[in-house]
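The lines below spell out each chain.
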Amino acid sequence: MNFNIPKTRKSPLVVRLIQWACLMVVALVVFMAGVVLIGRFQSTAFDSRGSMMIYCLVDLIVVAVVMFFITRIWRLLFSRFGISTLLEGFYHRLSSRCTLRRGLLGMAGLMTLLALFYTEENWRGKRAWERCKQELEAKGEVLDWSAYIPPPVPDDQNFFKAPKMTEWFVGRGGHVFTKPADLNSLADFVLEHTTNNAVELTVVSPQAPVAAEEADLVLQYKNSVVTLAESGTDVARITVKGKNEAAVYVDPAVRARINKLAHDFIEPDTNTIAGTSLLGFQDFTLLAKPLNPIKPVRVIVRAETMPATNEIAGFFVNYPAPSGMRIQSTSSNSFHVWINPKSYTVAADYLAWSEQFEPDFELMRAALKRPYARMEGDYGLPFAMPIPNFVGIRLVAQMLGQRAQCHLLLKQPEQALHELTLIHELCHLLEARPTGKPMTLVAAMINVAVRGLYVGVVSDGLQLQAWREPELAAIQNQLGEVNLPPNVLAAFKSSRAAHCRTFEISTPTELAKLFGERETTNLWRKLKNPVFLFCTFAPRGWIYQNMASQALQDQKLVEGLDLTNRVVIPHELSRQNQRVEVMYSHFSPYTFLARTAQFNTIRATQTLAQNQTMANEALVVCALERYHMEHGQYPKALEALVPQFVEKLPQDIIGGQSLKYRCTDDGKFLLYSIGWNEKDDGGSTNLSKDDPADRNLADWVWSYRAKFVR
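Residues numbered from 1 in each chain as written. Predicted model: local features only at pLDDT ≥ 70, side-chain atom pairs only at ≥ 80, totals over all residues. Heavy atoms only, no water.

### A look at the overall build of the chain
Condition: Starting at the N terminus, helices and strands are each numbered in turn, a helix being any DSSP run of H or I of at least four residues and a strand any DSSP run of E of at least two. For the exposure calls, accessible area comes from a 1.4 Å probe over protein chains only, and a residue counts as buried if that area is under 20% of its type's maximum, exposed if over 50%, partly exposed in between. Contacts are residue-level and defined by heavy atoms, with any inter-residue pair within 4.5 Å sufficient.
Within the chain, the secondary structure is distributed over 23 helices and 16 strands. Among the 710 residues that make up the chain, the fraction classed as buried is 46%. Taking all contacts inside the chain whose residues are at least 6 apart in sequence as the whole, residues at least 24 apart take part in 71%.

Written as C-alpha cells, this is what we have:
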C-alpha cells in the first residue's frame, strides 16, 4: 500500500513550535542517555576541553544515527497501521529537506553565537587579568609564579641532602618516628618500669574461707561467670573465644563496684603528686618525681579453675580511661596488676624512653649546620611541588619540647636549652632560609605553631624558676630572631601566585580534584562535580576573571599587615574581610573558583599576632628576670633594661606602640599587649565564658611565672 502525503497548507506557528520542541526533546534525551551511559561505565578521564568536545561530537553523531532509526521506525508505523493526517504532516516536516536545512542553519547560528560569546568572554577575562597584574605590579606585588621558585643550591650545603633528612622531613602523611614515638609505646615503657602495683589478686578454691580484713573485694568465678561473692546477683560474664583471647562483658553494677574501689584506693594516692608537674605538648602530665606509693586493692577470686591472664584483664578493662595495664603472675595463684589511671609520666622515665631518638636528633643538628634547605622536585606545578612533612616536624618539636620540660623539672636548664635550640633551628626549614622561597601558607602557620611551643617551654622554665642567667641570655638571642609577620605575608603572596598559576595551567580534572571531589576518575562523578563542570564548559575568560578576583581581594587583606611599621591592623583586616565575605556571598562565575580557594586570613593573622606577641613578651621577661637577678627587684620602666639586658625593646605588634608594663605592689610586674580589640583594657584578662580562648575580648597578658594558654 502506498501513501502519498497530500500537500497541506502551512501549519500554524504553535504547531510548528510544538514540532520543533518535540524534536529538541528527543535529541536531548538521546544525548543525555549517551552521557549517562558513558559516565556509568567509563573510568577514563577527559583531562582537557578538546577531549571533552570530541566526546560531545561523537555523542551528537550517535544522536543523528538514533534519530535516523527513529524516522525509519516511524515510516514503518505509517505503512503498517496508518497514522492521522496531523502526525503524518508532523513526520513529513521532521523528515523533509527543508526541515533539515533549517535545522542545520539553526545549529550553525547557535554555534556562531556560542563562538562569539566565548570569544568575547575570553577577551574580557584576559583583559581583566592583565589590568589586575598591572595594578598590583605598580604596588610592587609579584604574581608570576616563577619568581617564587627557589634556585638550585649545592648538595653539600643543602639540609635535605644530608643523611635521612629527605626521608624524615619531605612529603605528606605519616612519619618515620610515628610508630616508635606512639604514646602507647610510652605507656608500655612506664608500666614495665613501675613498681607501684594497683591490685593484688589472689585465686583461691570456692570453699576457702576469706576474712573480711583480708580482702577489699571478693569475686566468685564459675563456668565463665564472675559474680560478687557477697550478693551473688551482680554478674560480669566472660565468654572465652580462644586460648589467648577473651571477649568480656562487665555488668554495670559490677563495673561500678570495681571502679569505686579503684577510686577509693587508687585515686587519692595518685593525686598526691610528690613535687612539681607540667602539662606536656601531647596532653599528658610530666612529673618531677614518681607518684607516692599507693595501697594496692586486694581482690580474692574463688574459682575451681585458674582464670587466664586475659580474663583477669577483663575485670579492669572498663576502668575509666586507662592508658595502660600490665598483669604479672607472682606465684601459682596470685597476680600483680599495674594500672595507669591517669595520663602521666615521670620526667626521668620520659627522658629514658625518648633516649632512643637521641642519635636521630644529633643527625638533625649536624644537618642544620648547612645553610640552605631546598627540597628536590618540580616547582613549576604549584600543586605538585614538594612540601615539608609537617606531621614529622610537629612530632619532633613536641618530643623535644617535652624533653626540655623534663630537664626543667629536674633542674637541668643547660640540657633544656640544648633541646630548645634544636626546636628553634628546625623552624628554619619552615622559613625556607635563606631564600624564603617558596613560603607556603601551611608552612608559615606550622612555623607559627612551633614558635608558640617554643615560647611555652620558656614560660614553663620561668614558672619553675629553673632558668639561669646564661640560658636566659641565649633564649633572648633566639627570641630576637622570631619575626613571624614577614613569613606569613610572604606565604599569603606565594599562595596567591600559586592559586593563579594553578587556575591557569590545570586541567578540569586537576582543578576538580584540588577544589572539589578528590575522586574524579569516573566521568559520572565528574559530571556531578560543579567545579569540574565549570572548568570544562566555562569560557577560559571566566578562569582569568577568577584569577583577577582572588588576586585583588587577597591584596586588600594582606594590606592589613604593615611590614613597614611591623604591625598588624585588626580593624583594617576585619573591614576588608567583611567586604570579601559580602562579595563571595553571591554566586558569580567571576568568583566561583576564587571563593573555593579563599583561605581564612583573619584567623591566620590573629594566631600570628598572638604568638609573635608572646615571643616578644618572653624576650622582655627574660631581660626582666636577668635584671631581677642582678638588682633583686624589677625595674620601674622597661627602658631601664636597655642596653645592658636587651639591645632594643620590641614593640607591640598591635598598634606599634610599646608593650604595656608596670610594677605591682606585691613585687611582681604586669606586662601585656593591647590585644586584638586595639584597646588598652588595663591588663584585663576577662575572657569569654563561652570561649576561654577568645582573643578579641581582653589584653594579651604575660602571666607572672605561670603558663599561658596554649
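### Examining helix α15 (residues 469-480)
For the record, the criterion: Expected span of a helix, by definition, is 1.5 Å for each gap between consecutive residues, and there is one gap fewer than residues. Regarding the arc, it is the one traced by the directions from the helix axis to the C-beta atoms.
For α15, built from twelve residues, the straight-helix expectation of 16 Å at 1.5 Å per residue is met to within 8% by its first-to-last C-alpha distance of 16 Å. Along α15, the residues classified as buried are Glu471, Leu472, Ile475, Gln476, Gln478 and Leu479. Buried positions in α15, seen along its axis, are confined to an arc of 165° and lie on one side of it. Exposed side chains of α15 directed beyond 90 degrees from the buried face belong to Pro470, Asn477 and Gly480. Buried-residue contacts for α15 involve α13 (413-430), α14 (441-464) and α23 (601-631).

### A look at the pairing of strand β15 (residues 669-673)
Basically, it comes down to this: DSSP-based pairing: two strands are paired if at least 2 bridges between them are found.
Taking burial as the measure, the five residues of β15 include five buried ones, the bulk of the element. With burial as the criterion, each face of β15 is covered, one bearing Phe669, Leu671 and Ser673 and the other bearing Leu670 and Tyr672. Linking strand β14 (residues 660-663) back to β15 in an antiparallel pair, the connection comprises five residues, with glycine 667 at a positive phi of about 85°.

### Focus on α23
Spanning 31 residues, α23 covers 44 Å between terminal C-alpha atoms, matching the ideal 45 Å at 1.5 Å per step. Counting buried positions over the 31 residues of α23 gives 26, a clear majority of the element. Phi turns positive one or two residues past the end of α23, at glycine 632, with a value near 80°.

### A few points about empty space enclosed by the protein
Cut-off, in case you're wondering: A pocket, in this scheme, is an open set of points on a 1 Å grid over the protein atoms alone with protein on both sides within 12 Å along at least 5 of 7 lines, while a cavity is a set where a 1.4 Å probe fits but cannot get out; residues line either one if an atom lies within 4 Å of a point. Grid points are joined across faces, edges and corners, and a volume is the space filled by probe spheres set on the points. Three classes are used, and their members are as follows: Ala, Val, Leu, Ile, Met, Phe, Trp, Tyr, Cys and Pro are nonpolar, Asp, Glu, Lys and Arg are charged, and the others, Gly among them, are polar.
Under the defined criterion, the tally for this structure stands at four cavities of 30 Å³ or more. Lining the largest cavity are 22 residues, with Ala373, Met375, Ala432, Lys437 and Pro438 sitting closest to its centre. Here the lining of the largest cavity is built from residues that sort into 17 nonpolar, two polar and three charged.

### Quick look at the sheet that holds strand β16 (residues 700-702)
By definition, the strands of a sheet pair up through backbone hydrogen bonds, in either a parallel or an antiparallel sense. The test is simple: Between N-to-C directions, angles cover 0 to 180 degrees, with each direction set by a line fitted to C-alpha atoms, over the stretch in contact for helices.
With respect to topology, three strands assemble into an open sheet ordered β14-β15-β16, the strand pairing being antiparallel. Each of the sheet's edge strands pairs with one partner strand only, and the pair in question is β14 and β16. Ignoring which end each strand starts from, the neighbouring axes of this sheet average 20° apart. Packing against the sheet, α23 makes contact with β14, β15 and β16, and its axis sits at approximately 30° to β16.

### Overview of the environment of aspartate 216
As for its placement among the helices and strands, aspartate 216 is situated in the loop between β1 (199-204) and β2 (217-222). Given a relative accessible area of 17%, aspartate 216 falls into the buried group. When the C-alpha positions of aspartate 216 and isoleucine 300 are compared, they lie 8.1 Å apart, and in sequence the two are 84 residues distant.

### As for the packing of aromatic side chains
The following threshold applies: Ring geometry is summarised as follows: Phe, Tyr and Trp rings, the Trp one being its six-membered ring, pair when their centres sit within 6.5 Å, and such pairs are stacked at plane angles under 30 degrees, edge-to-face over 60 and tilted between the two.
Scanning all chains against the criterion turns up 13 aromatic pairs. Their ring planes at 40° and their centres at 6.1 Å tell us that phenylalanine 159 and phenylalanine 169 sit as a pair that is tilted. You can see phenylalanine 159 sitting in the loop between α4 (97-138) and α5 (165-169) and its partner phenylalanine 169 sitting in helix α5, a full ten residues away along the chain. When the ring of tyrosine 634 is compared with that of phenylalanine 669, the centres are 4.9 Å apart and the planes differ by 75°; the resulting orientation is edge-to-face. In this pair, tyrosine 634 sits in the loop between α23 and β14 while phenylalanine 669 sits in strand β15, placing the two residues 35 residues apart along the sequence. By the burial criterion, tyrosine 634 is buried, and phenylalanine 669 matches it. Every member of this aromatic cluster is reached through a ring pair, and the members are Phe284, Tyr350, Trp353, Phe357 and Phe361.

### A word on unusual backbone geometry
In the segment running from lysine 437 into proline 438, the intervening peptide bond is cis, with an omega of -20°. Mapping proline 438 onto the fold places it in the loop between α13 and α14. That bond from valine 642 to proline 643 is cis: its omega, 0°, falls within 30 degrees of zero. By the element assignment, proline 643 lies in the loop between α23 and β14. Non-glycine residue lysine 164 carries a positive phi angle of around 75°. Structurally, the position occupied by lysine 164 is in the loop between α4 and α5.

### Here we look at the side chain of histidine 407
By the secondary structure assignment, histidine 407 is in helix α12 (residues 390-409). A relative accessible area of 9% places histidine 407 in the buried class. Leaving out residues up to four positions away in the same chain, histidine 407 has contacts with Leu351, Gln412, Gln415, Ala416 and Glu419.

### Regarding the pattern of salt bridges
We count it as follows: One speaks of a salt bridge when a side-chain nitrogen belonging to Lys or Arg is within 4 Å of a carboxyl oxygen belonging to Asp or Glu.
In the structure shown here, the tally under the stated rule is 19 salt bridges. The partner of arginine 124 in a salt bridge is glutamate 120, with the nearest N and O atoms 3.5 Å apart. Residue arginine 124 and its partner glutamate 120 are both found in helix α4; the two are separated by four residues, about one turn of the helix. For glutamate 120, a relative accessible area of 35% translates into the label partly exposed.

### Quick word on the environment of isoleucine 674
Considering the arrangement of structural elements, one finds isoleucine 674 in the loop between β15 and β16. For isoleucine 674, a relative accessible area of 12% translates into the label buried. Setting aside anything within four residues of it in sequence, one finds isoleucine 674 in contact with Asp652, Ile654, Lys660, Lys679, Asp680, Ala698 and Asp699.

### Remarks on the side chain of glutamine 478
Note on placement: glutamine 478 falls in helix α15. For glutamine 478, the contacting residues outside a window of four places in its chain are Leu417, Leu420, Thr421, His424 and Tyr454.

### Concerning the sheet that holds strand β6 (residues 277-279)
Strand order in the open sheet formed by three strands is β6-β7-β11, and the pairing between neighbours is mixed. For this open sheet the edge positions go to β6 and β11 (344-346), each flanked by a neighbour on one side alone. Averaged over neighbouring strand pairs, the angle between their axes works out to 25° when direction is ignored. Bridge analysis of β6 against strand β7 (residues 285-287) gives three bridges, and the strand direction is antiparallel. Bridging across to β7, serine 277 finds its partner in leucine 287. Helix-sheet contacts for α12 involve β6 and β7, and the interaxial angle to β7 is about 35°.

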